[in-house]
Amino acid sequence: MATSVAGEGQHSLNGIISDSQTKNLTDLPTELLEHILCFAVLKHVDICNVSCCCKRLHDVCHGRGKVWGHQYKLRWPRLQMFYRQNECCDWLREYKTRHRVGIQIRRTVESISKRFFTEVGSVTQPCVGQVLGDSFAEIESLGMPEHFCEDELLFILNSDKRKSLTLKYYAKKILYFLRQQNILRSLKTFMEQAADQQSSLEGAILVDQYCNPLADVTLNSISAQLDEIAEKVKKMLRIKNPSHPSLRIVQGDCSVVEDFELQRQVVSALNSVLYEQLQYKGNEFDYYNPLNSYIHQVLLRRTGIPISLSVLYMNLARKLGVQLQPVNFPNHFLLRWCQKPRGSEDIFDFVYIDAFGNGKQLTAKECEYLIGHQVTADYYSAISTTEVLLRMVGNLLNIGKRGEGNEKSYQLLRDSLDLYLTINPDNVQYLLLQARLYFHLGIWPEKVLDILQHIQALDPSQHGAVGYLVQHTLEHIQHKKHPVTPEEKKRSAPEHSEVQYSVGLIMKHKRSGYNCVIYGWDPKCTMSQEWITTMRVHQLSNGANQPFYNVLVQDGTCRYAAQENLEPHSAPLEIGHPEVGRYFSEFANTYYFANEELQTRYPEDIVETLGTVQELYHRLTPGLGNQDQASATDPNDHRAVPM
């Protein structure tokens, strides 16, 4: 470390500490020297230089000492949670390791755009399922502590908001993947537990975490929120029955209230707090929103669907000593509450609770009114935590299928398939769906072959479907070995003479009013005749015989817009689209600066973009001087454009 960074610190301490000063310093007590060397102004390079001055200072700056411990904590404060307070640690070694991991992670992330950037695949979702498997494997193969890797990725993501957009784009994807891999491992461990040890709340949180790996969702935080609600219920119980046994139940206690009347008081108080005081309700108006299935969102938005509200309700009741059981009722998940001694399986010995319907209590017959038809007694049976999770994940899977074929719906479909097949790995129907999805997205062809091989072993009757996919997947693998160099589009080419706008310009759609940024263009519409007819392109004054632009829209969609419908935005603003970083390295206040890969695709566009921005700026501020004009249009200094 000292050798590698000594040169960096020449400006800090080299030459400042003379021989006499060194002598004076060495006369000071060790504690005072440590205090001085922990001043915030001193960086790690300074400490390296100080430790090279003499043996006395070298000993004060030893690896396990206070000085390097301070440097480590100052540089990487997020990592403190991984160390016990006052832990004796070789801080210099930890510093070197974390520093080395940071360099390697950054190099890997920086290389991804060059290796994985591909041409616009679709006007609806330009980067559907772009899997960076090789890069993930590279990071995992570093053999470094995982929390170091994650900390560096978070450091990249939290840097200057408008800069390094491409670096952040891929750092986010890698962080997403790494966290999901950890959650899958946790889910597998969870599934290995005995059925009676599995908590529906913990399982639901794992599902939530996997679908939202970048959100701060933990079992502790969710449990704490449930404890707060339970305390509100106890407060209400205390008013009605100060001696109620539920009031004596402490956190982690598995006590059960046996008396039915006392149970009824708990359920009544729970309904009052949850549905009247806190205003929880079933989300009837946006039922198929995936947020309704995520426990942290149910708690945040106080709304959900039957199964998520039932998991919440059931765990709250358990904290208060009332045992409820999940019921896999068709189309409407329910809970059942036994009204007889334990062990009864007679469906008429239970009251059924509709957590979606404000905790309404139903008889077996009334349950059928919910769905409009009769069902057999089997549907009233209690189910296991595994079955609860399969139903929950199945709901998400169906929402993904219903999606509009955009990035979000494909991601949800992939995530829910991963979860479902982790819980039930031999489901042929969903294995085949996963293989078809990956094949459709053109990702992970090697994994597709593994899935197909597994399907064939489970069900040889799927030979036809498996054979078709195997053949075309092998063709895809062969095609990957000989990638086609993307076509270079130069504005100076005669066939591109009618193209008015360039990549990076922030535009406004004249008819629809949406804001967007251009990330690609064609001199003429290249979509199919079916698309042209469906989108009524023939009604445009220039029809399909005009330039069309691939644009990232503020609402998160990607569209293909005709030139006559676009105009430069008079007050350019950032476009909050998740794919911006894939194409642009920086938001320069009035336009987006294309990254190296997009510039290679459109080599002459940056000059055009700067010229358009400059023209727009002059239109708004006509007093701009000639010198400023020159610097503003210099393609080698895009940051000089006046904003």
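Conventions used here
Each chain carries its own residue numbering, running from 1 in the written order of its sequence. Totals for whole chains, interfaces and linings use all residues, but because this is a predicted model, local features are given only for residues with pLDDT of at least 70 and pairs of side-chain atoms are given and counted only at 80 or more. By convention in this description, side-chain values take in all heavy atoms of the structure and omit both hydrogens and water. Numbering goes from the N terminus for both helices and strands, where a helix is a DSSP run of H or I of at least four residues and a strand is a run of E of at least two. Note on classification: 1.4 Å probe, protein chains only; a residue is buried when its accessible area is under 20% of the maximum for its type, exposed when over 50%, partly exposed between these limits. Any two residues whose heavy atoms approach within 4.5 Å at even a single point are treated as in contact. Areas reported here follow the Shrake-Rupley algorithm with a probe of radius 1.4 Å; residue values treat only the protein chains shown as occluding. Here the rule is simple: two strands pair whenever DSSP picks up at least two bridges between them. Here the axes come from fitting lines to C-alpha atoms, over the contacting stretch only for helices, and the angles between their N-to-C directions go from 0 to 180 degrees. Any Lys or Arg side-chain nitrogen located within 4 Å of an Asp or Glu carboxyl oxygen qualifies as a salt bridge. We call a set of buried residues a nonpolar core when its members are Ala, Val, Leu, Ile, Met, Phe, Trp, Tyr or Cys and they connect through side-chain atoms within 4.5 Å of each other. Counting of polar contacts relies on pairs of N or O atoms within 3.5 Å, with two restrictions inside protein: one atom must be capable of donating a hydrogen and the other of accepting it, and residues adjacent in sequence are counted only when both atoms are side-chain atoms. An angle counts as roughly parallel when it lies under 35 degrees, as roughly antiparallel when it exceeds 145, as roughly perpendicular when it falls between 65 and 115, and as oblique in every other case. By convention, the crossing between two helices is left-handed when the near helix turns anticlockwise from the far helix through less than a right angle, and right-handed when the turn is clockwise. Under the grouping applied here, Gly and all other residues not named as nonpolar or charged are polar, the nonpolar ones being Ala, Val, Leu, Ile, Met, Phe, Trp, Tyr, Cys and Pro and the charged ones Asp, Glu, Lys and Arg. Only Phe, Tyr and Trp rings take part, Trp by its six-membered ring, and two of them pair if their centres are within 6.5 Å. Stacked means planes under 30 degrees apart, edge-to-face means over 60, and tilted covers everything else. Ring-over charges, as used throughout, are those where CZ of Arg or NZ of Lys falls within 6 Å of the ring centre and within 35 degrees of the ring normal.

The name given to the chain in an unreviewed UniProt entry is F-box protein 21, and the organism recorded there is Cyclopterus lumpus.

(A) Geometry of the overall build of the chain. Secondary structure assignment for the chain yields 26 helices and 13 strands. By the burial criterion, 49% of the 643 residues in the chain qualify as buried. Across the chain, every contact between residues at least 6 apart in sequence was considered, and the portion connecting residues at least 24 apart equals 63%. Carbon and sulfur atoms make up 51% of the accessible area of the chain, which totals about 31800 Å².

(B) The sheet that holds strand E7 (residues 506–509), seen in detail. Reading across the sheet, the 5 strands line up as E10-E9-E8-E7-E11 and stay open at both edges, with antiparallel pairing between neighbours. Taken across any chain shown, the strands that pair with only one partner, and hence form the sheet edges, are strand E10 (558–562) and strand E11 (566–568). Between one strand and the next, the sheet's axes are offset by a mean angle of 50°, whatever the strand orientation. Note: E7 against strand E8 (residues 515–522), 3 bridges, orientation antiparallel. From the neighbouring strand, Lys508 faces E8, where its bridge partner is Asn515.

(C) View of the pattern of salt bridges. Here the structure, examined in full by the defined rule, presents 19 salt bridges. Asp227 serves as the salt-bridge partner of Lys319, at 2.8 Å between the closest nitrogen and oxygen. Taken together, the positions of Lys319 in helix H15 (residues 306–319) and Asp227 in helix H12 (residues 219–240) put the pair 92 residues apart, joining distant regions of the chain. Accessibility expressed as a relative area gives 26% for Lys319, which makes it partly exposed. One network of salt bridges, with partners in common, ties together Arg78, Arg98, Arg106, Asp151 and Glu152.

(D) How the structure looks around the nonpolar core. Counting residues in each nonpolar core, the largest one holds 45 residues, and the members touching the most others are Ile222, Ile229, Tyr280, Leu299, Tyr313 and Leu324. Only helix H11 (200–211), H12, helix H13 (260–277), helix H14 (295–301), H15, strand E4 (334–338), strand E5 (350–354) and helix H17 (385–402) provide two or more residues apiece to this core. The element contributing the most residues to this core is H15, with 8 residues. Excluding residues that lie within four positions of it along the chain, Leu299 makes contacts with Ile222, Gln225, Leu226, Ile229, Tyr280 and Leu312. Among the nonpolar cores identified, the runner-up in size contains 38 residues, and Leu389, Leu397, Ile423 and Leu437 belong to it.

(E) Up close: the environment of Gln209. With respect to the secondary-structure elements, Gln209 resides in helix H11. The buried category is assigned to Gln209, whose relative accessible area is 18%. Separated by 25 residues in sequence, Gln209 and Leu184 place their C-alpha atoms 9.7 Å apart. Among residues more than four places away in sequence, those in contact with Gln209 are Ile183, Val217, Thr218 and Leu219. At 2.7 Å, the side chain of Gln209 and the backbone oxygen of Val217 are in polar contact.

(F) A look at the sheet that holds strand E6 (residues 360–362). Taken in spatial order, the 4 strands of this open sheet run E3-E4-E5-E6, and their pairing is antiparallel. Looking at which strands have only one partner, the edges of the open sheet turn out to be strand E3 (325–327) and E6. Between one strand axis and the next, the sheet turns by 40° as a mean value, whatever way the strands run. Sheet topology note: the E5/E6 ladder contains 3 bridges and is antiparallel. Across the sheet, Asp354 pairs through a bridge with Lys360, a residue of E6. Strands E4, E5 and E6 of the sheet are contacted by H13, whose axis makes an angle of about 155° with E4.

(G) Seen up close, the pairing of strand E12 (residues 584–587). Bridge analysis of E12 against strand E13 (residues 592–594) gives 3 bridges, and the strand direction is antiparallel. Within E13, the residue paired with Phe587 across the bridge is Tyr592. What sits between E12 and E13 in their antiparallel hairpin is a turn of 4 residues, with Asn589 showing a positive phi close to 75°.

(H) Looking closely at the packing of helix H19 (residues 428–441) against helix H21 (residues 463–480). Between H19 and H21, whose axes approach to 11 Å, the crossing angle comes to 25°. As the angle between them shows, H19 and H21 are arranged roughly parallel. In the crossing of H19 with H21, the sense of the turn from one axis to the other is left-handed. In this structure, H19 uses Leu432, Ala435, Arg436 and Phe439 to contact H21, whose residues at the interface are Ala465, Leu469, His472 and Thr473. Here the contact of H19 with H21 is built from residues that sort into 5 nonpolar, 2 polar and 1 charged.

(I) Molecular detail of the environment of Leu206. Mapped onto the secondary structure, Leu206 falls in helix H11. Apart from residues lying up to four places away in sequence, Leu206 is in contact with Ile183, Ser186, Leu187 and Phe190.

(J) Expanded view of the packing of aromatic side chains. Considering all chains together, one arrives at 22 aromatic pairs under this definition. Ring geometry for Tyr83 against Trp91: centres 5.0 Å apart, planes inclined by 55°, an arrangement best described as tilted. With a relative accessible area of 6%, Trp91 lands in the buried category. Here the aromatic rings of Phe587 and Tyr592 are separated by 4.8 Å at their centres, their planes lie at 45°, and the arrangement is tilted. Here Phe587 matches Tyr592 in class, with each residue buried. An aromatic cluster is built from Trp68, Tyr72, Trp76, Tyr83, Trp91 and Tyr95, whose rings are joined through pairwise contacts. Of note, Arg336 hangs over the ring of Phe350, and the distance from its end group to the ring centre comes to 3.9 Å. Above the plane of the ring of Tyr602 lies Arg601, whose end atom (NZ or CZ) is 5.3 Å from the centre.

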